[in-house]
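Here is what each chain is made of, one letter per residue.
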Amino acid sequence: LTGYMLQYRISSDSHEMMKGINFEDVYKIYCFDEEIRALLRIYVEKAEFFYKDLIGNTFAALKCKSAPYDQHYDVNNYFDKTGIASTLQTFSKEKSYYKDSAIVKHHYNKYADKMPVWVMMELMTLSSVSLFYHALYLSDKNVIATQVGISIPTLENHLHALSVLRNKCSHGVRLYNSTINPPVKFNKSFLRNNPAIKNNSLFAYILMLIKRLPSDDERKQFRDKLNRIVKKYEADIDLSLIGFPSNYRQLMYIKNLKNIT
């Protein structure tokens with residue numbers, strides 16, 4: 001619980017706590033952080049499935065055009081050949097975690113352990129998917145990024161940020177009163193018009209996640225659930241410590257998210 005006590009220290013270089021602070025005060029912040037992580041895990045997964053599908057199927061359409069449709073194993077189909085070689089090597093280890101699954105056994109026995117790129121995407125971690133996209137030729141990256149209406153650098157950044165957020169949530173890392181890297185890429189005019197938003201804050205990552213969700217219905221569901229958690233703990237938390245500006249509710253509405261990237 002040490003990290004949740006930081007705001008209650010007399011000074012940053014002291015372990016002495018302010019008077020009147022009790023265990024329940026700290027524990028409520030911990031519970032808030034726990035509930036936020038649980039919610040984020042659900043919706044990061046929705047974004048993860050969407051982008052795995054988008055990247056895998058688009059790459060297959062662009063590169064895997066002739067039998068046996070395994071051109072994704074050829075490093076010549078990537079710009080960053082060293083990077084993709086490393087990513088494929090990492091995937092071979094990731095795949096071993098699923099060695100008992102029917103899909104892995106099927107491709108091992110029938111296709112000499114080579115699987116279609118869309119199957120590979122299903123088993124890859126989000127971090128590996130982010131590196132896979134990064135290794136593509138610029139023209140291939142552009143085909144994918146255009147389908148979601150953003151630039152290549154922004155999509156690369158958001159995929160990286162999603163993988164970081166997923167890992168933090170999966171491993172119970174404290175999100176409250178902490179910064180997150182990499183800073184999220186937003187439209188410069190959006191940041192200029194909303195100077196209270198720090199793009200290395202939890203709120204910035206939340207805005208990025210909402211933007212990257214596949215549908216407006218999922219965006220609304222996430223926003224409503226998040227607002228309920230914040231309302232539940234609003235007397236116990238300091239919203240500034242997670243980067244929430246005073247108008248955070250308005251900023252999360254779908255119509256206000258159109259121009260953030």
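See the structure printed just above.
Thresholds applied
Sequence order sets the numbering: in each chain, residues are counted from 1 along the sequence as written. For this predicted model, a pLDDT threshold of at least 70 governs which residues receive local features, and a threshold of 80 or more governs which side-chain atom pairs are given and counted, while totals over whole chains, interfaces and linings are taken from all residues. Calculation of side-chain values draws on the structure's entire complement of heavy atoms; hydrogens and water are dropped beforehand. Every helix listed is a DSSP run of H or I at least four residues long, and every strand listed is a run of E at least two residues long, numbered separately from the N terminus. Burial classes: relative accessible area under 20% of the type maximum marks a residue as buried, over 50% as exposed, and values in between as partly exposed (1.4 Å probe, protein chains only). Contact definition: two residues touch when any of their heavy atoms are within 4.5 Å. A 1.4 Å probe and the Shrake-Rupley method give the accessible areas. Residues count as covered only by the protein chains that appear here. Two residue types count as positive, namely Lys and Arg, and two as negative, namely Asp and Glu; His and chain ends fall outside the count. Taken as the charge centre is NZ of Lys, CZ of Arg, CG of Asp or CD of Glu, depending on the residue. Take the number of residues in a helix, subtract one, and multiply by 1.5 Å to get its expected span. Distance and chemistry together define a polar contact, namely a pair of N or O atoms within 3.5 Å, with one atom able to donate a hydrogen and the other to accept it when in protein, and with adjacent residues in sequence counting only for side-chain atoms on both sides. For helices, the fitted line uses only the C-alpha atoms of the stretch in contact; every axis is such a line through C-alpha atoms, and the angle between N-to-C directions lies from 0 to 180 degrees. Any angle that is under 35 degrees is reported as roughly parallel, and any over 145 degrees as roughly antiparallel; angles of 65 to 115 degrees are reported as roughly perpendicular and all others as oblique. Classification convention: Asp, Glu, Lys, Arg as charged; Ala, Val, Leu, Ile, Met, Phe, Trp, Tyr, Cys, Pro as nonpolar; all other residues, Gly among them, as polar. Patch membership needs two things, relative accessible area over 30% and no salt bridge, and members are linked within 9 Å if like-charged or within 5 Å if nonpolar (Val, Leu, Ile, Met, Phe, Trp, Tyr). Every case where a carboxyl oxygen of Asp or Glu lies within 4 Å of a side-chain nitrogen of Lys or Arg is listed as a salt bridge. A crossing counts as left-handed when the near helix is turned anticlockwise from the far one by less than a right angle, and as right-handed when that turn is clockwise. Residues grouped as a nonpolar core are buried Ala, Val, Leu, Ile, Met, Phe, Trp, Tyr and Cys residues, joined through side-chain atoms within 4.5 Å. A pair of aromatic rings is counted whenever rings of Phe, Tyr or Trp (Trp by its six-membered ring) have centres within 6.5 Å, and the orientation is called stacked for planes under 30 degrees apart, edge-to-face for over 60 and tilted otherwise. Note on geometry: a ring has a charge over it if NZ (lysine) or CZ (arginine) is within 6 Å of the ring centre and within 35 degrees of the ring normal.

A. Spotlight on the overall build of the protein chain. Check the secondary structure of the protein chain and you find 11 helices and 0 strands. Secondary structure of the protein chain in N-to-C order comes out as α-α-α-α-α-α-α-α-α-α-α. Put simply, the protein chain has 261 residues, and 44% of those count as buried. The contacts of the protein chain with a sequence gap of at least 6 include a subset with a gap of at least 24, amounting to 67%. Accessible surface computed for the protein chain: about 13,600 Å², of which carbon and sulfur atoms make up 52%. Treating the 36 positive side-chain charges of the protein chain as one cloud and the 26 negative ones as another, the clouds have centres 4 Å apart.

B. Representation of helix H1 (residues 23–63) within the structure. Taking 1.5 Å per residue as the helical rise, H1 with its 41 residues ought to reach 60 Å, and the 58 Å between its terminal C-alpha atoms agrees with that figure. The distance from a side-chain oxygen at the start of H1 to the backbone nitrogen of Glu 24 is 3.2 Å, and the residue carrying that oxygen is Asn 22.

C. Here's a closer look at the packing of helix H6 (residues 138–147) against helix H7 (residues 152–170). Where H6 contacts H7, the axes come no closer than 9 Å and their chain directions differ by 75°. By the angle class used here, H6 and H7 are roughly perpendicular. Residue-level inspection shows Leu 138, Lys 141, Asn 142, Ile 144 and Ala 145 of H6 in contact with H7, the latter providing Ile 152, Leu 155 and Glu 156. Here the contact of H6 with H7 is composed, by residue class, of 5 nonpolar, 1 polar and 2 charged.

D. Looking closely at a nonpolar patch on the surface. On the surface, a cluster of nonpolar side chains totalling about 300 Å² of accessible area is made up of Leu 1, Phe 23 and Tyr 27. Topologically, Leu 1 is positioned in the segment before H1.

E. Examining the packing of helix H2 (residues 81–96) against helix H5 (residues 126–135) more closely. Running from amino to carboxyl end, H2 crosses H5 at an angle of 155°, the nearest separation of the two axes being 9 Å. On the basis of the axis angle, H2 is roughly antiparallel to H5. In this structure, H2 crosses over H5, and the sense of that crossing is left-handed. Taken together, the residues of H5 that come into contact with H2 (itself represented by Ile 84, Thr 87, Thr 90 and Glu 94) are Ser 128, Leu 131, Phe 132 and Ala 135.

F. Local environment of the nonpolar core. Ranked by internal contacts, the top residues of the largest apolar core, which has 48 residues, are Phe 32, Leu 40, Ile 206, Leu 209, Phe 222 and Leu 226. Broken down by secondary-structure element, the contributors of at least two residues to this core are H1, H7, helix H9 (202–212), helix H10 (216–233) and helix H11 (248–251). Element by element, the count of residues in this core is highest for H1, at 10 residues. If near-sequence neighbours (up to four positions away) are discounted, Phe 222 is found in contact with Leu 39, Leu 40, Tyr 43, Ile 206, Leu 209, Ile 210 and Leu 213. Core analysis: the next-biggest nonpolar cluster, separate from the first, contains 28 residues, Leu 54, Phe 59, Cys 64 and Tyr 133 among them.

G. Representation of the pattern of salt bridges in the model. Inspection of every chain in the model, using the stated rule, returns 11 salt bridges. Where Lys 28 meets Asp 236, a salt bridge forms, and the shortest distance between an N and an O atom there is 3.8 Å. Remark: Asp 236 occurs in the loop between H10 and H11 and Lys 28 occurs in helix H1; sequence separation between them is 208 residues. Overall, Lys 28 belongs to the partly exposed group, its relative accessible area being 37%. Of the charged contacts in the structure, one is a salt bridge between Glu 156 and Lys 141, with a shortest N-O distance of 2.7 Å. You can see Glu 156 sitting in helix H7 and its partner Lys 141 sitting in helix H6, a full 15 residues away along the chain. Taken as a pair, Glu 156 and Lys 141 share a single burial class, namely buried.

H. Summary view of the packing of aromatic side chains. Counted according to the given criterion, the structure contains 14 aromatic pairs. With 4.9 Å between their ring centres and 85° between their planes, Phe 50 and Tyr 51 make a pair best called edge-to-face. The class of Phe 50 is partly exposed, set by a relative accessible area of 31%. Here the aromatic residues Tyr 4, Phe 23, Tyr 27 and Tyr 30 are joined through ring pairs into a cluster of three or more. Sitting above the plane of the Tyr 43 ring, Lys 46 keeps its charged end 5.6 Å from the centroid.

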